Amino acid sequence: MASNSSKAVPEAKEALNKFKYEVAGEIGVPLSHGYNGNLTSYQNGSIGGYMVKKMIEAQEKQMAGK
């Protein structure tokens, strides 16, 4: 399903990928371009979870008019 939406908006895929690397850097996960099989499930989950948290915070601010 995600691949369909990224085909519909190619810029979204690129922006989310950039955001993923920014978040990984912020939380100290050594994410590299390409293969990341050396990372634990916890590390990978932390990246996704923090991305969602930041997106929710941004949406809440926007809805509050800030």
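Residues numbered from 1 in each chain as written. Predicted model: local features only at pLDDT ≥ 70, side-chain atom pairs only at ≥ 80, totals over all residues. Heavy atoms only, no water.

**Things to note about the overall build of the protein chain**
How we decide: Helix and strand assignments come from DSSP, with helices taken as H or I runs of at least 4 residues and strands as E runs of at least 2, each series counted from the N terminus. Classification of residues uses two cut-offs on accessible area relative to the type maximum, computed with a 1.4 Å probe and protein chains only: under 20% is buried, over 50% is exposed, and between them is partly exposed. In this description, accessible areas are obtained by the Shrake-Rupley approach with a 1.4 Å probe, and a residue is regarded as covered only by the protein chains that are shown.
In terms of helices and strands, the protein chain carries 3 helices and 0 strands. Shown N-terminal to C-terminal, the secondary structure of the protein chain runs as helices and strands in the order α-α-α. Across the 66 residues that make up the protein chain, the buried fraction comes to 15%. In the structure as shown, the protein chain presents an accessible area of about 5200 Å², 58% of it carried by carbon and sulfur atoms.

**Considering the pattern of salt bridges**
For clarity, the threshold we go by: Salt bridge criterion: a side-chain nitrogen from Lys or Arg within 4 Å of a carboxyl oxygen from Asp or Glu.
Taken as a whole and judged by the stated rule, the model has 1 salt bridge. With a shortest N-O distance of 3.0 Å, K54 and E26 are connected by a salt bridge. Taken as a pair, K54 in helix α3 (residues 41-63) and E26 in helix α2 (residues 10-27) lie far apart in primary sequence, 28 residues in all. By relative accessible area, which is 24% here, K54 ends up partly exposed.

**Digging into a nonpolar patch on the surface**
Heads up, the condition is: Exposure above 30% relative accessible area and no salt bridge define the residues that can form patches, which grow by joining like charges within 9 Å and nonpolar side chains of Val, Leu, Ile, Met, Phe, Trp and Tyr within 5 Å.
Where nonpolar side chains cluster on the molecular surface, the patch consists of L16, V52, M55 and I56 and spans about 330 Å² of accessible area. Counting residues per element, the nonpolar patch draws most heavily on α3, which supplies 3 residues. Position of V52 relative to the elements: it lies in helix α3.

**Some remarks on the nonpolar core**
How we decide: Remark: nonpolar core denotes a set of buried residues (Ala, Val, Leu, Ile, Met, Phe, Trp, Tyr, Cys) joined through side-chain atoms within 4.5 Å. Throughout, a residue-residue contact means that at least one pair of heavy atoms, one from each residue, lies within 4.5 Å.
Of all hydrophobic cores here, the largest spans 8 residues; its members are F19, V23, A24, V29, L31, L39, I47 and M51. For this core, the secondary structure elements donating two or more residues are α2 and α3. Ranked by residue count, the leading element in this core is α2, at 3 residues. Dropping the residues within four chain positions of it, I47 is found in contact with K20, V23, A24, I27, V29 and L31.

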